[in-house]
Amino acid sequence: MQPMEEIYKSYAMTVYKYLFSKTHDEDLSEELTQETFYQAIRTIDRYDESCRISTWLCGIAKNVLSTYRRKNKQHEELGDWDSPHPPEQDEIIRSEERVDLIRRVHELKEPGREVVYLRVFGELSFKEIGDVFGKSENWARVTFYRSKEKLRKEVEQK
């Protein structure tokens, strides 16, 4: 087993990208990444090497995010009434085409939706996505391609 410092250097960006794909918030993703590694240090003795370290860490990150969302439900319900973004960024975010595409991605069935989020918004490689799901890089590529084709066909029918 690698020392935790090496694990952090190797996998912090993977965990951050995973969390960013779920939250779309840089600051929150950074905070939750730190909490993920804190929890990993606390529970390192439970890591049995039956899965890749990246998979184990993303599993912890998923639990950390779930805990955060449970504790902060009131913030989610309020939405973005007081947007922290500058007005020009808000205009981009409200773009009809982008919103429509994101809505269509959200309507995809799992695991396609998750793979698209991780690839497009989280900027994870296919290898990293495969690691997160405990599958192969090729599985991630095929799942992404099929989801992308489904989206393309829906847009063409529009």
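Residues numbered from 1 in each chain as written. Predicted model: local features only at pLDDT ≥ 70, side-chain atom pairs only at ≥ 80, totals over all residues. Heavy atoms only, no water.

Trainee: Can you help me understand the overall build of the protein chain in this one?
Mentor: The number of helices and strands found in the protein chain is nine helices and zero strands. In the protein chain, the order of α-helices and β-strands from amino to carboxyl end is α-α-α-α-α-α-α-α-α. Buried residues in the protein chain amount to 36% of all 158 residues. Restricting to contacts in the protein chain with at least 6 residues of sequence separation, those with at least 24 account for 56%. (Helix = DSSP H or I, 4+ residues; strand = E, 2+ residues; numbered from the N terminus. Buried < 20%, exposed > 50% of the residue type's maximum accessible area, 1.4 Å probe, protein only. Contact = heavy atoms within 4.5 Å.)

Trainee: In this structure, what is going on with the packing of aromatic side chains? I would like to understand it.
Mentor: Aromatic ring pairs are defined here through the distance separating the ring centres and the angle between the ring planes. Under the defined criterion, the tally for this structure stands at five aromatic pairs. Aromatic pair Y16 and F20: ring centres 6.1 Å apart, planes at 15 degrees, arrangement stacked. Remark: F20 and Y16 occur in helix α1 (residues 4-23); sequence separation between them is four residues, near one turn of the helix. Directly above the aromatic system of F126 lies the positively charged group of R119, at a separation of 4.0 Å from the ring centroid. (Phe/Tyr/Trp six-rings, centres within 6.5 Å; stacked < 30°, edge-to-face > 60°. Lys NZ or Arg CZ within 6 Å of the ring centre and 35° of its normal.)

Trainee: Looking at this structure, I do not really get the pattern of salt bridges. What am I missing?
Mentor: Opposite charge on two side chains permits them to pair, given that their charged atoms come into close proximity. Tallied over the full model, the rule gives seven salt bridges. Note that R141 and E137 form a salt bridge whose closest N and O atoms lie 3.0 Å from each other. Taken together, the residues span about one helical turn, with R141 and E137 both in helix α9 (residues 137-157) at a distance of four residues. Put simply, E149 and R152 hold a salt bridge, and the shortest N to O gap is 2.5 Å. (Salt bridge = Lys/Arg side-chain N within 4 Å of Asp/Glu carboxyl O.)

Trainee: Explanation requested: the nonpolar core in the structure shown.
Mentor: Side chains of nonpolar character tend, in soluble globular proteins, to be buried together. Among the nonpolar cores identified, the biggest contains 32 residues, and Y18, L19 and L57 are the most heavily contacted of them. Looking at which element gives the most residues to this core, the answer is helix α3 (residues 53-71), with eight residues. Not counting residues within four places of it along the chain, the set of residues in contact with L57 comprises I7, Y11, V15, T36, F37 and A40. (Core = buried A, V, L, I, M, F, W, Y, C linked by side-chain atoms within 4.5 Å.)

Trainee: I would appreciate a short explanation of the packing of helix α7 (residues 112-121) against helix α8 (residues 126-133) in the present structure.
Mentor: Angle between the axes and distance between the axes: these two values describe a pair of packed helices. Taken N-terminus to C-terminus, the directions of α7 and α8 make an angle of 140 degrees; their axes are 10 Å apart at the nearest point. In terms of orientation, α7 lies oblique with respect to α8. For α7 against α8, the interelement crossing comes out right-handed. Residue-level contacts link E114, V115, L118 and R119 of α7 to F126, I129, V132 and F133 of α8. Of the residues that constitute the contact of α7 with α8, the class distribution is six nonpolar, no polar and two charged. (Axes fitted to C-alpha atoms, helices over the stretch in contact; angles between N-to-C directions. Parallel < 35°, antiparallel > 145°, perpendicular 65-115°, else oblique. Left-handed = near helix turned anticlockwise from the far one by under 90°. Nonpolar A, V, L, I, M, F, W, Y, C, P; charged D, E, K, R; others polar.)

Trainee: Honestly, the environment of G134 in this entry has me stumped. Any pointers?
Mentor: Within the secondary structure layout, G134 lies in the loop between α8 and α9. On the accessibility criterion, G134 (60% relative accessible area) is exposed. Placed 80 residues apart in sequence, G134 and S54 show a C-alpha to C-alpha distance of 9.5 Å.

Trainee: Could you clarify how one ought to interpret the side chain of K17 in this entry?
Mentor: Position of K17 relative to the elements: it lies in helix α1. Put simply, K17 is tucked away with no salt bridge, and the nearest opposite charge, on E128, sits 4.7 Å away. Not counting residues up to four positions away in its chain, the partners in contact with K17 are G122, E123 and L124. (Lys, Arg positive; Asp, Glu negative; His and termini not counted.)

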